[in-house]
Amino acid sequence: GESVGLHLPTLSVQEGDNSIINCAYSNSASDYFIWYKQESGKGPQFIIDIRSNMDKRQGQRVTVLLNKTVKHLSLQIAATQPGDSAVYFCAENPRRNTPLVFGKGTRLSVIA
Amino acid sequence: DVKVTQSSRYLVKRTGEKVFLECVQDMDHENMFWYRQDPGLGLRLIYFSYDVKMKEKGDIPEGYSVSREKKERFSLILESASTNQTSMYLCASSPLNEKLFFGSGTQLSVL
């Protein structure tokens, strides 16, 4: 079946370092991927998305990389700050007109 | 800014009660979704709707129903609340079946 998974359920990073959060997906037909950030007590917030015709997309301090060969997605956060501490979810759209499939999340803890 | 508003931030109900969770979005989005979120299980889809009066079962619809009488409002109903329905409930909307906009969530405790 379709599934989205994460390699690391928790990640601790020193403030100022770069963070890399990984996500594996199983459906090679997925054509859209998205990352969300969820802070404690809040709903998930959109960070960045990418379509399958791209392998890299950059935002403000964040970069998403897509490797379709190995079905791997990653979120890179540059110069990690305490405010980046949150749970990060990846999600994929395995088929048109079907809901996103979410991974279980990775908790990022930033050490000051 | 897109706003998805969930009527209650915290809710405490008793076993057997009928519970209504309300969600309103202000961006004229076609699609609306209800998820529940439990530690270690991530986001699980309960029901979704692609149009007014339309509903589709998600991955865990048992014990729930929904109502979408108006485009901007999507209600989740627990017909007879049980303790295993204690959870964080998240509503979301989207213009297409891609980028979702989430509400702040309702933490429901069933005693």
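Residues numbered from 1 in each chain as written. Chains lettered and ligands numbered in written order. Predicted model: local features only at pLDDT ≥ 70, side-chain atom pairs only at ≥ 80, totals over all residues. Heavy atoms only, no water.

Caption draft 1: Region of interest: the state of the cysteines. Counting across every chain of the model gives 2 disulfides over all chains. The partner cysteine of Cys23 of chain A in its disulfide is Cys90 of chain A, sulfur to sulfur 1.9 Å. Residues Cys23 of chain A and Cys90 of chain A are joined through a disulfide that is right-handed, its torsion about the S-S bond being 55 degrees. Taken together, the residues Cys23 of chain A in strand 3 (residues 19-25) and Cys90 of chain A in strand 9 (residues 86-92) connect sequence positions 67 residues apart. Exposure remark for Cys23 of chain A: the relative accessible area of 2% places this residue in the buried category. Sulfur-sulfur distance for the disulfide between Cys23 of chain B and Cys91 of chain B comes to 1.9 Å. On the S-S bond that ties Cys23 of chain B to Cys91 of chain B, the torsion sits near -80 degrees, and the link is left-handed. (Disulfide = S-S within 2.5 Å. Helix = DSSP H or I, 4+ residues; strand = E, 2+ residues; numbered from the N terminus. Buried < 20%, exposed > 50% of the residue type's maximum accessible area, 1.4 Å probe, protein only.)

Caption draft 2: Representation of unusual backbone geometry within the structure. Of note, the phi angle at Arg61 of chain A is positive, near 65 degrees, even though the residue is not glycine. Mapped onto the elements, Arg61 of chain A comes out in the loop between strand 6 (56-58) and strand 7 (62-67). Here Lys53 of chain B, not a glycine, exhibits a phi torsion of approximately 65 degrees, which is positive.

Caption draft 3: Main features of the interface of chain B and chain A. Taken together, the contacts link 19 residues of chain B with 19 residues of chain A. Buried area between chain B and chain A, both sides added, is near 1500 Å², and the carbon and sulfur share of it is 57%. At the boundary of chain B with chain A, the tally comes to 1 salt bridge. One can count 4 residue pairs in polar contact (both at pLDDT 80 or more) joining chain B with chain A. Of all the elements in the fold, those that place two or more residues in the side of chain B that touches chain A are strand 5 (31-38) and strand 6 (42-49) of chain B. Here the side of chain B that touches chain A takes 4 residues from strand 6 of chain B, the largest share from any one element. Its residues placed into classes, the side of chain B that touches chain A shows 10 nonpolar, 6 polar and 3 charged. (Contact = heavy atoms within 4.5 Å. Buried area = accessible area lost by both parts, 1.4 Å probe. Salt bridge = Lys/Arg side-chain N within 4 Å of Asp/Glu carboxyl O. Polar contact = N/O pair within 3.5 Å; in protein donor to acceptor, adjacent residues only side chain to side chain. Nonpolar A, V, L, I, M, F, W, Y, C, P; charged D, E, K, R; others polar.)

Caption draft 4: Summary view of the layout of surface pockets. Approximately 510 Å³ is the volume attributed to the largest pocket. Along the walls of the largest pocket sit 25 residues, with Gln38, Val87 and Arg107 of chain A together with Gln37 and Pro39 of chain B positioned nearest its centre. Only strand 9 and strand 11 (106-111) of chain A together with strand 5 and strand 10 (87-94) of chain B provide two or more residues apiece to the lining of the largest pocket. No other element matches strand 9 of chain A, which puts 3 residues into the lining of the largest pocket. Taken together, the residues of the lining of the largest pocket break down into 8 nonpolar, 11 polar and 6 charged. (1 Å grid on protein atoms, 1.4 Å probe; cavity = no way out; pocket = protein on both sides within 12 Å on 5 of 7 lines; lining within 4 Å. Points joined across faces, edges and corners; volume = space filled by probe spheres on them.)

Caption draft 5: Looking closely at the side chain of Lys37 of chain A. All names here are of chain A. As for its placement among the helices and strands, Lys37 is situated in strand 4 (residues 32-38). In this structure the side chain of Lys37 is engaged in a polar contact, spanning 2.8 Å, whose partner is the backbone oxygen of Gly83. Other than its neighbours up to four places away in sequence, Lys37 contacts Gly43, Pro44, Gln45, Ile47, Gly83, Asp84, Ala86, Val87 and Tyr88.

Caption draft 6: Region of the structure containing the pairing of strand 10 of chain B. All names here are of chain B. Extensive coverage of strand 10 is indicated by the burial of 8 of its 8 residues. Both faces of strand 10 are covered, namely the face carrying Ser87, Tyr89, Cys91 and Ser93 and the face carrying Met88, Leu90, Ala92 and Ser94. As paired elements, strand 5 and strand 10 share 7 bridges and run antiparallel to each other. Note on strand 10: the bridge partner recorded for Arg36 is Tyr89. Where strand 10 lies against strand 12 (residues 106-110), 3 bridges are found, and the strand directions are antiparallel. Residue Ser87 lies in a different strand from strand 12, and its bridge partner there is Leu108. Inspection of the sheet shows strand 10 paired to strand 11 (residues 101-102) by 2 bridges, in the antiparallel sense. Bridging from a neighbouring strand, Ser93 pairs with Phe101 of strand 11. (Pairing = 2+ DSSP bridges.)

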